[in-house]
Amino acid sequence: MKRRVLALAALVVGLGAGVGCATTPRDGGRVVGVEELPELQRSVWEDWAAGGEAWERRREAALGDPRLTRFLGDNLFRVMVGAYAQGALARRGQLPGPFERARRDLVAMGPAVAPFLVEMVVVADSVVSFLAGDVLARMDDPEVAVATAARLGAQDREERRRAAELLGRLPHARAREDEANEPLRGALAGDPEWSVRAECARALGARAARGRDREGARLALEAALFDPDPAVGEAACAGLVELGDPRAVPALIDQLEALARDATGLGPLRATHAALRGLTGAEVPLDPRSWRAWWSVNGGELRGRVRSRG
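Computed from a predicted model, the values in this text were never measured in an experiment. (Residues numbered from 1 in each chain as written. Predicted model: local features only at pLDDT ≥ 70, side-chain atom pairs only at ≥ 80, totals over all residues. Heavy atoms only, no water.)

Q: How should I be thinking about the overall build of the protein chain in this particular structure?
A: Each helix and strand counted, the protein chain has 16 helices and two strands in total. Here the protein chain holds 310 residues, and 50% of them are scored as buried. Sequence-distant contacts, at least 24 apart, represent 65% of the contacts inside the protein chain between residues at least 6 apart. With the model as given, the accessible surface of the protein chain reaches about 15,000 Å², and the carbon-plus-sulfur share is 51%. (Helix = DSSP H or I, 4+ residues; strand = E, 2+ residues; numbered from the N terminus. Buried < 20%, exposed > 50% of the residue type's maximum accessible area, 1.4 Å probe, protein only. Contact = heavy atoms within 4.5 Å. Areas by Shrake-Rupley, 256 points an atom, 1.4 Å probe, with all protein chains shown as cover.)

In structure tokens form, the structure reads like this:
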């Protein structure tokens, strides 16, 4: 896999002509010229270079052949990476270039290339990971979120962290949203690595903010405020602000009180205070008693707003 990732990061030549290089299926990622490809792959790639309706029909037909699907997925993504590395992105008002065309086709291919792109997110370098995640987010396919959530069980810490990060970027999974959120909540509560738990906190808040049912995420984030690692508590504060549910205010006040009592440092105190201000819009001193007094007067109104939205 590492060899494939390195190959994908290589620059693509021939972009000016609209034709990239391609890889042979079992050569460990060796870049070859279009003229060296087998006839079927060469014909498909030349159709992509020509574009138009004929290419779109050919692309749909290719989805029936797993080998052609993988060929196109690999090489369209290679075009994206190479164009990005060269700065060959279309500006506003310009016709789509290789980068935009390749991205559009990958999005259109959807679930057929999604597993490969998820793999790029969790194992590739940061640029390749970002570009693959961008395509997956544009697909807006619930299956992508569910498959990504399954990667939270991977052995490698960085794979789990990146899977959580991607879940924070992916659109709401509609009827399958619970299948994405349940693994996130489980990892937030039980992953052994603080960096994974912190990423899960941010992702859970972002995903719940896109839906209507926010209580499960709110409760999980409230519990994470008291995580043994301060960085996870700070991420939970950020997740609660993203979620935007003021019913979390009492838990945040409890956290503020515990932090002030234990003198654990300014960072967690400031993050908790920022979350309180972000959820309420109030400017109250960094003092638990002042916040409890404010909440006793204003909390009912804020909770009422949540009920009326729901």
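Q: What's the story with the packing of helix H11 (residues 194-209) against helix H12 (residues 215-224) in this structure? I'm lost.
A: Between two packed helices, both the angle of their axes relative to each other and the distance between the axes serve to describe the pair. Relative to each other, H11 and H12 sit at 155°, their axes nearing to 9 Å. In terms of axis orientation, H11 runs roughly antiparallel to H12. Between H11 and H12 the crossing geometry is left-handed. Residues Ala201, Leu204, Gly205 and Ala208 of H11 form the contact with H12, whose own contacting residues are Ala217, Ala220 and Leu221. Here the residues of the contact of H11 with H12 are counted per class, giving six nonpolar, one polar and no charged. (Axes fitted to C-alpha atoms, helices over the stretch in contact; angles between N-to-C directions. Parallel < 35°, antiparallel > 145°, perpendicular 65-115°, else oblique. Left-handed = near helix turned anticlockwise from the far one by under 90°. Nonpolar A, V, L, I, M, F, W, Y, C, P; charged D, E, K, R; others polar.)

Q: Mind showing me how you'd approach unusual backbone geometry here?
A: Glycine aside, a negative phi is what most residues show, and trans is what most peptide bonds show. Positive phi outside glycine occurs at Asp140, with the angle close to 50°. Counting through the fold element by element, Asp140 comes out in the loop between helix H7 (126-139) and helix H8 (142-150). The exposure class of Asp140 is partly exposed, given its relative accessible area of 35%. Here Arg174, not a glycine, exhibits a phi torsion of approximately 55°, which is positive. Following the sequence through the fold, Arg174 ends up in the loop between helix H9 (157-169) and helix H10 (177-190). Take Arg174: its relative accessible area is 46%, and that puts it in the partly exposed class.

Q: Would you mind going over the packing of helix H14 (residues 249-262) against helix H15 (residues 266-280) with me for this structure?
A: At a minimum axis separation of 10 Å, H14 and H15 run at an interaxial angle of 155°. Viewed along their axes, H14 and H15 adopt a mutual orientation that is roughly antiparallel. Helix-helix and strand crossings are classified by hand; for H14 and H15 the assignment is left-handed. Residues Val249, Leu252, Ile253, Gln255, Leu256, Leu259 and Ala260 of H14 form the contact with H15, whose participating residues are Pro268, Leu269, Thr272, His273, Ala275, Leu276, Leu279 and Thr280.

Q: Hey, could you run me through the pattern of salt bridges in this one?
A: Any two side chains of opposite charge can pair if their charged atoms end up close together. Applying the stated criterion to the full structure yields 31 salt bridges. In this structure, Glu199 and Arg202 form a salt bridge, with 3.4 Å as the shortest nitrogen-oxygen distance. One end of the pair, Glu199, and the other, Arg202, are both in helix H11, three residues apart, so they sit about a helical turn from each other. Between Glu257 and Arg292 there is a salt bridge, and its shortest N-O distance comes to 3.1 Å. Of this pair, Glu257 sits in helix H14 while Arg292 sits in helix H16 (residues 288-309); the two residues are 35 residues apart in sequence, bridging distant segments of the chain. In this structure Glu257 comes out as partly exposed when scored by relative accessible area, which is 35%. Several salt bridges share partner residues, and in doing so they unite Glu158, Arg161, Arg162, Glu165, Glu199 and Arg202 into one network. (Salt bridge = Lys/Arg side-chain N within 4 Å of Asp/Glu carboxyl O.)

Q: Any chance you could explain helix H5 (residues 98-109) here in plain terms?
A: Because each turn of an α-helix spans 3.6 residues, side chains separated by three or four positions end up pointing in the same direction. Along its twelve residues, H5 runs 16 Å from first to last C-alpha, staying within 8% of the 16 Å computed at 1.5 Å per residue. Positive backbone phi, at 55°, marks Gly110, one or two positions downstream of H5. (Expected span 1.5 Å × (residues − 1).)

Q: Whenever I open this one, the packing of aromatic side chains confuses me. Can you help?
A: The relative placement of two aromatic rings is captured by the distance of their centres and the angle of their planes. Tallied over the full model, the rule gives five aromatic pairs. With centroids separated by 6.0 Å and ring planes inclined at 80°, the aromatic side chains of Trp45 and Phe71 adopt a geometry described as edge-to-face. Of the two residues, Trp45 sits in helix H2 (residues 39-50) while Phe71 sits in helix H4 (residues 66-86), which places them 26 residues apart along the sequence. For the pair Trp45 and Phe71, a shared accessibility class is recorded, and that class is buried. (Phe/Tyr/Trp six-rings, centres within 6.5 Å; stacked < 30°, edge-to-face > 60°.)

Q: What should I look at first to understand the environment of Leu40 in this one?
A: Take Leu40: it is sitting in helix H2. Here Leu40 falls in the partly exposed class, since its relative accessible area comes to 38%. Distance in space between the C-alpha atoms of Leu40 and Leu68 is 8.6 Å, their sequence separation being 28 residues. Excluding anything up to four places from it in sequence, Leu40 contacts Arg58, Asp65 and Leu68.

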